[in-house]
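Each chain, written out:
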Amino acid sequence: MSDPHEVYEAILGQLKSARSRKSLEALHTVCQEHHGAGAVDFRIATIAKLGASRGVPSPQTIRNKSGEHYRALIDAWQAVGKE
């Protein structure tokens, strides 16, 4: 099982664009808060909706091939949410 913070750091180190890094940071923050509130619903649509005003990419962007790193981070938070 991957720690979401480790997954976040690993992905962040691979991203070249400042925009992608900022989006990933927003996504990580929203997931962290969502988990902290006791939530277990980490579906792409849910996370995108929660973070829409904070720079989280749209559900379609996350589902696209180029959104693979966003999905990896959401999957890591989903795994923690099921514990």
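What you see as residue numbers is a count from 1 along each chain, following the sequence as written. Thresholds applied to this predicted model are a pLDDT of at least 70 for local features of residues and 80 or more for the giving and counting of side-chain atom pairs; totals over whole chains, interfaces and linings are not thresholded and use all residues. Side-chain descriptors were evaluated using all non-hydrogen atoms of the structure, hydrogens and water having been removed beforehand.

So, on to the side chain of His69. Structurally, His69 is set in helix α5 (residues 68-81). Contact criterion: two residues are considered in contact whenever any of their non-hydrogen atoms come within 4.5 Å of each other. Setting aside its immediate chain neighbours within four residues, His69 contacts Ile11, Leu15 and Leu24. Only DSSP runs of H or I reaching four residues or more are called helices, and only runs of E reaching two or more are called strands; each is numbered from the N terminus.

Should a side-chain nitrogen of Lys or Arg be within 4 Å of a carboxyl oxygen of Asp or Glu, the pair is scored as a salt bridge. In this structure the tally under the stated criterion is two salt bridges. Notably, a salt bridge pairs Arg43 with Asp41, separated by 2.9 Å at the nearest N-O pair. Residue exposure (1.4 Å probe, protein chains only): buried if accessible area is under 20% of the type maximum, exposed if over 50%, otherwise partly exposed. Exposure remark for Asp41: the relative accessible area of 26% places this residue in the partly exposed category.

Here His34 lies in helix α2 (residues 18-36). For His34, the residues in contact, after removing those within four places along its chain, are Ala39, Asp41, Phe42, Thr46, Ile47 and Leu50.

By themselves these figures say nothing about function.
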